[in-house]
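# Remarks on the overall topology
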Amino acid sequence: MKHRPVKISAVGTHIPARVVTNDDLSLTLDTSDEWISTRSGIRERRIVENGEAASDLGAVAASRALEAAGIDAADLDLIIVASLSPDMLFPSTASFISAKIGADGTPAFDLSAACTGFIYALATGNAFVASGQADRVLVVGAEAVSKMIDWTDRGTAVLFGDGAGAVLLEPADSRDEGIIGFDLGNDPSGTEMLQLPAGGSRNPATEETVSARQHFIKMNGREVFKFAARVIESSARKVLDRSGCKIGDVDLFVPHQANIRIIDAAARKLGIPPERVFSNLERYGNTSCASIPLCLEEAAAGGRITSGDLVLMVGFGAGLAWGSCLVRFGDLQRIQE
Ligand code: UT7
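Read on for an overview of the structure. (Residues numbered from 1 in each chain as written. Predicted model: local features only at pLDDT ≥ 70, side-chain atom pairs only at ≥ 80, totals over all residues. Heavy atoms only, no water.)

This paragraph deals with the overall build of the protein. Per the secondary structure count, the protein includes eleven helices and 13 strands. Relative to its length of 337 residues, the protein is compact, with a C-alpha radius of gyration of 19 Å against a globular reference of 20 Å. By principal-axis analysis of the C-alpha atoms, the protein measures approximately 55 × 45 × 40 Å. Out of the 337 residues in the protein, the part that is buried amounts to 54%. For the protein, contacts bridging at least 24 residues in sequence account for 77% of all contacts bridging at least 6. Accessible area of the protein: about 14,200 Å², with a carbon and sulfur share of 48%. For the protein, the separation between the mean place of its 32 positive charges and that of its 43 negative charges on side chains is 6 Å. (Helix = DSSP H or I, 4+ residues; strand = E, 2+ residues; numbered from the N terminus. Rg over C-alpha atoms; globule rule 2.2 N^0.38 Å. Buried < 20%, exposed > 50% of the residue type's maximum accessible area, 1.4 Å probe, protein only. Contact = heavy atoms within 4.5 Å. Areas by Shrake-Rupley, 256 points an atom, 1.4 Å probe, with all protein chains shown as cover. Lys, Arg positive; Asp, Glu negative; His and termini not counted. Charge placed at Lys NZ, Arg CZ, Asp CG, Glu CD.)

Written as structure tokens, this is what we have:
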């Protein structure tokens, strides 16, 4: 079967207004701006208000992507939402977003691949469009991770932030633009390294799980760090090799924003110069599934992604999963501020 080329035609994002700085966190945690910024590169993050959930951010990002593309929610064939902080275990956050944007009747589902979720969702949406099963797929990364954080655990509390990003996938007009390839993988020996232990069918909520603070993200930061530094390089090389592209062809490297030391080490190993690496980690922290679309929007706004550019995106996280995507961008529509 001949597959159609698929392009990322539009992007929309949304971040909460509330800024929490490292100094703010050091008022209640045994930490400091110096430790957080030198060990992670993060200076501040955005945090939702009480009562706000992932779908509230995701719906705004989704509406902005649709507005940028000049289409209505009714024109969508499929909505895929990636999130590690879904509104509820079920129904899907995709369903809540559909209700908010008015996508009545459109198929919508969530995809669970933790921080690699955006790349996995992109690969899934790409398959639908490439095979002709859908013409317009909205892929959303939406996170209110702050709701899953133990604010007494300095090892995780300083790292994460909230936000959302959405992209529209459509058939490309020619094979000169669009998604070139993916590399996806998962190392199931690392399930213990990063998880939210309770609240699912393994450890349903009890008074004990609550008092043991098991309803929050637990992470072995050192091990995840080593895993990330390794897989970013290997996955990036695989997707480039399979696509017949070289490191030197990459105009912009957009890695998942977890730690500036991970990003710098990966870029160094790959031989990508700093001016071709995108990061906004300093201002948003790790927004999990939202990090890559937030970067895409900001890079396009700043003229760092223009028509014809080859962009390499790499995600990684709990699973331990990873995923890379190589794209030749055409015009990426976004709302001009
Ligand atoms: O998207 C999901 C993927 N997640 C990631 O990619 C995260 C990957 N991991 C990391 O980014 C880093 O491992 C961290 C930023 C989490 C930690 O940095 P590190 O350089 O690996 O520090 P460490 O865990 O080795 O801890 C060094 C020290 C420890 O103290 P001792 O045992 O040496 O006395 C920690 O207790 O730093 C201490 N520490 C802190 N100190 C001040 C840990 N967190 C903090 C903190 N403030 N927030």
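Having put the structure on the table, let's press on.
The omega angle of the peptide bond from Phe90 to Pro91 is 0°, so this bond is cis rather than trans. Geometrically, the link from Gly319 to Leu320 is a cis peptide bond, its omega value of 0° lying close to zero. On the secondary structure map, Leu320 appears in the loop between strand E12 (310-317) and strand E13 (321-328). In the Ramachandran plot, Arg213 falls in the positive-phi region, its phi being about 55° despite a non-glycine side chain. Counting through the fold element by element, Arg213 comes out in the loop between helix H7 (207-211) and strand E10 (218-219). Looking at Arg213, the relative accessible area reads 34%, which means it is partly exposed. The residue Ser288 is not glycine, and still its phi comes out positive at about 50°. Take Ser288: it is sitting in the loop between helix H10 (281-284) and helix H11 (291-301).

Within the open sheet, the four strands sit side by side as E8-E13-E12-E11. Their pairing is mixed. Of all strands in the sheet, those with a lone pairing partner are strand E8 (178-186) and strand E11 (252-255), marking the two edges. On average, each strand axis in the sheet is inclined to that of its neighbour by 10°, with strand direction left out of account. In the packing of helix H5 (residues 117-130) onto the sheet, the strands contacted are E8, E12 and E13, and the crossing angle to E8 comes to about 125°. (Pairing = 2+ DSSP bridges. Axes fitted to C-alpha atoms, helices over the stretch in contact; angles between N-to-C directions.)

What follows deals with the site of the ligand. The ligand sits among 22 residues. The nearest are Thr31, Arg222, His256, Asn259 and Asn286. Residue Gly221 places a main-chain N or O atom 3.0 Å away from a nitrogen atom belonging to the ligand. Between an oxygen atom of the ligand and a side-chain N or O atom of Asn286, the distance comes to 2.7 Å. Considered on its own, the ligand offers 950 Å² of accessible surface; in the complex 75% of this is hidden by protein. The set of elements that each furnish at least two residues to the shell around the ligand consists of helix H2 (33-40), helix H6 (154-157), helix H8 (221-243) and helix H9 (260-270). (Near = heavy atom within 4 Å. Polar contact = N/O pair within 3.5 Å; in protein donor to acceptor, adjacent residues only side chain to side chain.)

A few words now on helix H4 (residues 93-101). All buried positions along H4 are accounted for by Thr93, Ala94, Ile97, Ser98 and Ile101. With its buried residues spanning 140° around the axis, H4 presents them on a single face. Against helix H3 (54-69), strand E4 (78-82), strand E5 (108-111) and strand E6 (137-143) lie the buried residues of H4. With its phi angle positive at about 80°, Gly102 sits one or two positions after the end of H4. (Arc of directions from axis to C-beta.)

The tendency in soluble globular proteins is for nonpolar side chains to be buried as a group. Ile232, Leu240, Phe253, Ile272, Leu312, Phe316 and Leu326 are the most contacted members of the largest nonpolar core, which totals 45 residues. For this core, the leading source of residues is H8, giving eight residues. When residues of this core are assigned to domains, at least three fall in each of domain 1 (6-171) and domain 2 (178-328). Counting residues in each nonpolar core, the second largest holds 38 residues, with Ile8, Ala134, Cys295 and Ala300 among its members. (Core = buried A, V, L, I, M, F, W, Y, C linked by side-chain atoms within 4.5 Å. Domains from an automatic or database assignment.)

Looking now at the pairing of E12. In terms of burial, E12 is a largely internal element, eight of the eight residues being buried. Here E12 shows two buried faces, one formed by Leu310, Leu312, Val314 and Phe316 and the other by Val311, Met313, Gly315 and Gly317. Sheet topology places E11 next to E12; four bridges connect them, and they run parallel. Within E12, the position partnered with Phe253 by the bridge is Leu312. In terms of strand pairing, E12 meets E13 through eight bridges, oriented antiparallel.

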